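Survey of secondary and tertiary structure
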Amino acid sequence: MLKIDELKVSYGGIEAVKGISFEVPEGKIVTLIGANGAGKSTTLRAIAGLVKPAAGRIHLQAEDITGLSPDRIVSKGITLVPEGRHVFPDLTVLENLKIGAYLRHDDLEEDLKWVYDLFPRLKERSWQAAGTLSGGEQQMLAVGRALMSRPKLMMMDEPSLGLAPIVVRGIFDIIKEINRQGVTILLIEQNANMALQTADLAYVMETGQITLSGPGRELMKNEAIKKAYLGK
């Protein structure tokens, strides 16, 4: 579904992403793991159109989308759940969800029902201000808002950040369910154990480069991965 060729991204003369290439197969869950500063979030931001690549190409289903604006990227079927959730705190849950569908001009009821079926708690709180939700509920809202654009590919940046372990397990169950319902997932996650357990395919990023790749559960057996990311 997504093909990255020799992608480079620079900030103020510093090369954050150094010519990486990887693929996200349709219908799969793919994860990028690595230490802070490895270039993972920058990679997602480049795919989403939030930063311009210095070099390289980004293809979605064989269409070159390199350098398109963020709204064009969303219209092509890619959406990003950002790190830190970034819900609109003064708007209600329902208003936040509708913002996710801002490029659409059709009826939203079917998709709202889909999101509420995935996240019953959001339905219970649909008229509540988003800023009054718990961290886990805000993460659910951020995911639900992204789903309202009907994405082919959903990118998620640190969905478990700052959440209690029991909530993290629930979020990953939802990620797997969304994938089962036909959405391809590209995931960045500091919780490497959960990410590798969940992902069909994983890439390891270090200082702007991809150094290792393979099926998630196979990488869990790699001694270097165990030592660096799994605390074993």
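My aim in this report is to walk through the structure given alongside it, one point at a time. (Residues numbered from 1 in each chain as written. Predicted model: local features only at pLDDT ≥ 70, side-chain atom pairs only at ≥ 80, totals over all residues. Heavy atoms only, no water.)

Within the fold, Thr-31 resides in strand E3 (residues 29-33). A distance of 3.0 Å separates a polar side-chain atom of Thr-31 from the backbone oxygen of Leu-187. Sequence-distant contacts of Thr-31, defined by excluding residues within four places in its chain, comprise Leu-187, Ala-195, Leu-196, Ala-199, Leu-201, Ala-202 and Tyr-203. (Helix = DSSP H or I, 4+ residues; strand = E, 2+ residues; numbered from the N terminus. Polar contact = N/O pair within 3.5 Å; in protein donor to acceptor, adjacent residues only side chain to side chain. Contact = heavy atoms within 4.5 Å.)

This next bit is on the sheet that holds strand E1 (residues 2-11). The four strands are arranged E2-E1-E4-E5 in an open sheet whose pairing can be described as antiparallel. Edge positions in the open sheet fall to strand E2 (14-24) and strand E5 (63-64), since each of these has one partner strand only. Summarising the sheet, E1 and strand E4 (residues 55-60) pair through five bridges and their orientation is antiparallel. By the bridge assignment, Lys-8 is partnered in E4 with Ala-55. Contacts between helix H1 (residues 40-47) and the sheet are confined to E1, E2 and E4, with E1 contributing the most and set at about 110° to the helix. (Pairing = 2+ DSSP bridges. Axes fitted to C-alpha atoms, helices over the stretch in contact; angles between N-to-C directions.)

This part is about the layout of surface pockets. Taken as a whole, the largest pocket spans an internal volume of roughly 420 Å³. Together, 19 residues line the largest pocket, and Val-74, Thr-79, Leu-80, Tyr-102 and Arg-145 are the ones closest to its centre. Of all elements in the fold, only helix H2 (70-76), strand E6 (78-81) and helix H6 (135-147) reach the threshold of two or more residues within the lining of the largest pocket. With four residues, the top contributor of residues to the lining of the largest pocket is E6. Per-class residue counts for the lining of the largest pocket are 14 nonpolar, four polar and one charged. (1 Å grid on protein atoms, 1.4 Å probe; cavity = no way out; pocket = protein on both sides within 12 Å on 5 of 7 lines; lining within 4 Å. Points joined across faces, edges and corners; volume = space filled by probe spheres on them. Nonpolar A, V, L, I, M, F, W, Y, C, P; charged D, E, K, R; others polar.)

Moving on, we come to the sheet that holds strand E8 (residues 184-188). Reading across the sheet, the six strands line up as E6-E7-E8-E3-E9-E10 and stay open at both edges, with mixed pairing between neighbours. Edge positions in the sheet fall to E6 and strand E10 (209-214), since each of these pairs with one other strand and no more. On average, each strand axis in the sheet is inclined to that of its neighbour by 20°, with strand direction left out of account. Sheet analysis places E6 next to strand E7 (residues 153-157), joined by four bridges and oriented parallel. Counted as the bridge partner of Ile-78 is Leu-153 from E7. Packing of H6 onto the sheet brings it into contact with E6 and E7, and relative to E6 it is tilted by some 170°. The strands touched by helix H7 (residues 165-180) are E3, E7 and E8; relative to E8, the strand with the most contacts, the crossing angle is about 150°.

Attention now goes to the pattern of salt bridges. By the definition in use, this model includes twelve salt bridges. For the salt bridge of Asp-106 with Arg-150, the shortest nitrogen-to-oxygen distance reads 3.5 Å. Residue Asp-106 is found in the loop between helix H3 (93-99) and helix H4 (109-118), and its partner Arg-150 is found in the loop between H6 and E7; the two are separated by 44 residues along the sequence. Given the relative accessible area of 38%, Asp-106 is considered partly exposed. We classify Arg-150 as partly exposed; its relative accessible area is 42%. Put simply, Glu-137 and Arg-121 hold a salt bridge, and the shortest N to O gap is 3.8 Å. One end of the pair, Glu-137, is in helix H6; the other, Arg-121, is in helix H5 (residues 120-124), with 16 residues separating them in the sequence. The exposure class assigned to Glu-137 is buried, which follows from its relative accessible area of 8%. One connected set of salt bridges, linked through shared partners, spans Arg-121, Glu-124, Arg-125 and Glu-137. (Salt bridge = Lys/Arg side-chain N within 4 Å of Asp/Glu carboxyl O. Buried < 20%, exposed > 50% of the residue type's maximum accessible area, 1.4 Å probe, protein only.)

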